[in-house]
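A look at the structure
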Amino acid sequence: MPASAKSVPPEKTTSPPAAAPAAPGAGLSAVQRALRKLGLVRDIDFALYLPMRYEDETRIVRLADTRDGDMAQVEGVVTECEVVFRPRRQLIATIDDGSDTCQLRFFNFYPSQQKQLAAGARVRVRGEMRGGFVGRQMMHPAVKAAGTALPQALTPVYSTIAGLPQPVLRREVRSGLARAVLDETIPVQIGWRGAWDLRSSLTFLHYPTPDVAMATLEDHSHPAWQRIKAEELLAQQLSQLQARLERAAQRAPMLPSSAEPQASSLHAQLLAVLPFGLTGAQQRVGEEITRDLGREIPMHRLLQGDVGSGKTVVAALAAARCIDAGFQCALMAPTEILAAQHFGKLVGWLDPLLAERGLRVAWLTGSQKKKERDAMSAAVESGEAALVIGTHAVISEKVRFKNLALAIIDEQHRFGVAQRLALRGKAVGHLEPHLLMMSATPIPRTLAMSYYADLDVSTLDELPPGRTPIVTKLVADHRRDEVIDRIQAQIAQGRQVYWVCPLIEESEAVDLRNATETRDELADALGAAVNVGLLHSRMPTAEKQAVMAAFTANEIQVLVSTTVIEVGVDVPNASLMVIEHAERFGLSQLHQLRGRVGRGAAASACVLLYAPGDSGRVGEAARARLKAMAETGDGFEIARRDLEIRGPGEFLGARQSGAPLLRFADLSTDTMLLDWARELAPLMLDKHPELAQRHIDRWLGTKAEYLKA
Ligand code: ADP
Ligand code: MG
């Protein structure tokens with residue numbers, strides 16, 4: 001392969017020590033930069049960089065024995081070689097191995113290749129065999145001189161990137177593996193019963209002998225793969241457990257609740273003003289949170305519950321506990337609209353009660369006028385603002401709390417690691433705030449055990465009473481008129497409607513135009529008696545809030561919007577949700593959107609309008625998503641299907657920036673290994689802490705820090 005051979009650097013690259021990572025890119029060769037992009041820095045990184053597939057160069061086969069589609073390596077004599085110019089310029093050579101002949105064709109070629117394939121030369125070629133009416137053919141096969149020794153092992157093929165040719169990467173991995181220290185961190189006596197140790201597993205997986213069944217390598221079922229996957233899962237469990245232990249060593253303010261509920265407490269008063277009684281699930285989860293808050297170890301709890309399961313009330317009650325104990329609470333949401341909804345609701349419930357105590361609720365966002373923000377910040381600093389609600393502006397550097405003891409994050413997966421770290425920076429003295437994270441997209445059990453092993457999880461598995469299930473209908477786009485009739489019928493009954501437009505273009509201006517056109521179209525069709533409003537992410541905040549307020553008050557009956565309403569918006573009178581181009585949305589996003597209706601007692605419906613793409617069909621994954629939506633309204637089932645459609649990498653990637661994903665283990669099939677790792681991790685941390693630390697460093701390196709955020 002002359003093309004790639006050219007970029008081989010003259011001298012061998014060496015790996016810089018892991019302890020002192022240089023500034024990105026400084027003084028590095030192009031190859032080193034490419035290696036870094038792949039996360040290949042330390043010797044061990046190379047050793048753990050396993051092939052995605054293999055090529056078998058260990059055998060020469062007879063041409064006559066090959067079939068169409070085989071990857072084959074043959075040796076023969078070149079009988080002719082010429083460059084032709086029609087229909088395209090190409091090099092065509094023919095080889096003969098005594099059993100048959102084969103034509104080799106190259107559209108891009110170098111003079112050196114032409115020389116190599118001169119008539120009479122004996123060559124070894126490797127490529128995919130194709131039958132054609134001209135006989136056997138190979139397109140762009142790899143060509144070598146014949147007669148050199150055959151390798152003993154399969155040839156690894158690594159996933160690579162531009163600027164890093166496969167042969168170079170192979171060489172780097174080979175020398176990294178040779179240098180790497182591969183002593184055992186999981187000795188037999190603490191729990192690995194397989195015959196394969198780390199060194200033999202890695203050596204084998206980079207260079208397997210050809211006798212092994214290729215399928216066991218490809219589906220990762222070979223015992224050497226089992227060992228590597230077990231190692232990886234153990235590293236993940238160890239680092240999460242370590243994070244949990246580190247947290248256990250931290251201190252948080254104890255927020256005790258008196259054994260007998262005092263009628264005069266904010267908590268009791270809030271319960272009394274709520275227009276409904278708590279569901280059993282809300283009560284149970286409330287108790288779990290109360291128990292955590294009463295301890296001096298910081299709470300680190302994920303509250304998951306389907307859309308509409310009533311997480312906000314649980315959050316408000318936790319806030320009340322915190323305020324009863326004399327501390328401050330912060331509630332953050334990923335978007336200003338959602339934060340404003342929380343604010344509206346919680347102010348309604350709590351402000352009168354707080355006022356009696358000389359306290360108040362404060363509002364903080366990035367778009368606020370400086371004067372207002374300064375006033376709010378002052379109230380936060382003095383402690384007068386017992387509850388602070390807003391976007392992540394709440395934890396910006398400038399905001400100083402008097403005594404923050406509880407932070408509640410709604411839709412936690414929208415918050416990044418940096419923001420969670422900033423939150424920890426709000427500790428009062430040595431006291432960390434308790435943390436309650438809320439999510440409407442439940443995490444399937446295996447994922448929760450694996451990725452959130454350092455979290456406690458509470459689940460609201462019961463919807464408030466009196467809800468009627470949402471009927472979901474798939475409707476082809478050309479039947480829009482029927483949908484408009486449906487809208488009219490809902491409005492005639494005094495109900496309201498959401499109409500969601502997707503992000504279609506890269507440019508927000510174009511999306512705004514599309515949404516505007518839809519608004520006009522609907523306004524035309526529905527007549528002057530109906531008010532059709534428009535909500536778009538580009539609108540100024542004040543305008544957005546005004547539109548939301550008008551919709552809440554039923555001054556607007558149909559709200560056309562881009563996905564800004566995705567999370568958390570709560571208008572119980574809305575009973576119909578229309579989602580346009582539903583095939584373009586992700587499954588959990590569709591479920592979230594659907595959750596905006598069915599919040600009151602009225603029967604609700606969700607119409608998923610879909611339009612086939614240019615190919616005239618809806619893609620397979622999109623069909624699976626729409627089907628799941630039509631078949632189930634259960635958020636846990638939706639999450640399970642979403643995981644099935646997307647796989648864990650994407651499923652989590654969308655929600656958790658920075659969490660190192662598993663490279664080798666597969667949580668849907670490796671549950672036994674996961675169980676093994678979960679059992680071993682606490683034992684190992686306890687009895688062999690140094691080995692545990694070495695194991696974590698080896699597998700996660702600097703990535704381990706992410707998990708602790
Ligand atoms: P989510 O879990 O999606 O955040 P919300 O907290 O917004 O759900 O609650 C959805 C709706 O249900 C709200 O209108 C809320 O006031 C109402 N709600 C919450 N708990 C109950 C309950 N126990 N009984 C009746 N309605 C409730
Ligand atoms: Mg919510």
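The rules we used
- Residues numbered from 1 in each chain as written.
- Chains lettered and ligands numbered in written order.
- Predicted model: local features only at pLDDT ≥ 70, side-chain atom pairs only at ≥ 80, totals over all residues.
- Heavy atoms only, no water.
- Salt bridge = Lys/Arg side-chain N within 4 Å of Asp/Glu carboxyl O.
- Helix = DSSP H or I, 4+ residues; strand = E, 2+ residues; numbered from the N terminus.
- Buried < 20%, exposed > 50% of the residue type's maximum accessible area, 1.4 Å probe, protein only.
- Expected span 1.5 Å × (residues − 1).
- Arc of directions from axis to C-beta.
- Contact = heavy atoms within 4.5 Å.
- Pairing = 2+ DSSP bridges.
- Axes fitted to C-alpha atoms, helices over the stretch in contact; angles between N-to-C directions.
- Parallel < 35°, antiparallel > 145°, perpendicular 65-115°, else oblique.
- Left-handed = near helix turned anticlockwise from the far one by under 90°.
- Nonpolar A, V, L, I, M, F, W, Y, C, P; charged D, E, K, R; others polar.

1. Re the pattern of salt bridges
One pass over the structure, following the stated rule, counts 35 salt bridges. With its nearest N and O atoms 2.8 Å apart, the salt bridge here joins Arg-480 to Glu-580. With Arg-480 in helix H16 (residues 480–492) and Glu-580 in the loop between strand S20 (574–579) and helix H19 (587–594), the pair connects residues that are 100 residues apart, well separated along the chain. No difference in accessibility class separates Arg-480 from Glu-580, as the two residues are buried.

2. Regarding helix H13 (residues 370–382)
If you check H13, its first and last C-alpha atoms are 18 Å apart, about what 13 residues at 1.5 Å a residue would give, namely 18 Å. Among the residues of H13, those classed as buried are Met-376, Ser-377, Ala-379 and Val-380. Burial along H13 is one-sided: seen end-on, the buried residues are contained in an arc of 160°. Away from its buried face, by an angle of more than 90 degrees, H13 presents the exposed residues Lys-370 and Lys-371. Contact partners of the buried residues in H13: strand S10 (328–332), strand S11 (360–364) and strand S12 (385–390). Phi turns positive one or two residues past the end of H13, at Gly-383, with a value near 95°.

3. Considering the sheet that holds strand S14 (residues 434–439)
Spatially, S11-S12-S10-S13-S14-S9-S15 is the arrangement adopted by the 7 strands of the open sheet, whose pairing is parallel. A strand with exactly one partner marks an edge of an open sheet, and here the two such strands are S11 and strand S15 (456–460). Sheet twist, expressed as the mean angle between neighbouring strand axes with direction ignored, is 20°. One ladder, built from 5 bridges, connects strand S9 (residues 300–305) with S15; its direction is parallel. Residue pairing across strands places Leu-303 opposite Ser-458, the latter belonging to S15.

4. Some thoughts on the packing of helix H9 (residues 266–273) against helix H12 (residues 336–355)
Axes are the key here: two packed helices are described by the angle between their axes and the distance separating the axes. Remark: H9 packs on H12, axes separated minimally by 10 Å, with the N-to-C direction vectors making an angle of 135°. Classified by the angle their axes make, H9 and H12 are oblique. Considering the relative orientation of H9 and H12, their crossing is right-handed. Here H9 contributes Leu-266, Gln-269, Leu-270 and Val-273 to the contact with H12, which in turn contributes Trp-349, Leu-350, Leu-353 and Leu-354. Of the residues that constitute the contact of H9 with H12, the class distribution is 7 nonpolar, 1 polar and no charged.

5. Section: the sheet that holds strand S19 (residues 558–561)
The 6 strands are arranged S16-S21-S20-S17-S19-S18 in an open sheet whose pairing can be described as parallel. For this open sheet the edge positions go to strand S16 (470–476) and strand S18 (532–535), each flanked by a neighbour on one side alone. Mean inter-strand twist for the sheet, computed between neighbouring axes without regard to direction, equals 20°. In this structure, strand S17 (residues 496–500) lies alongside S19, joined through 4 bridges in parallel fashion. Opposite Val-497, over in S19, you have Val-558 as the bridge partner.

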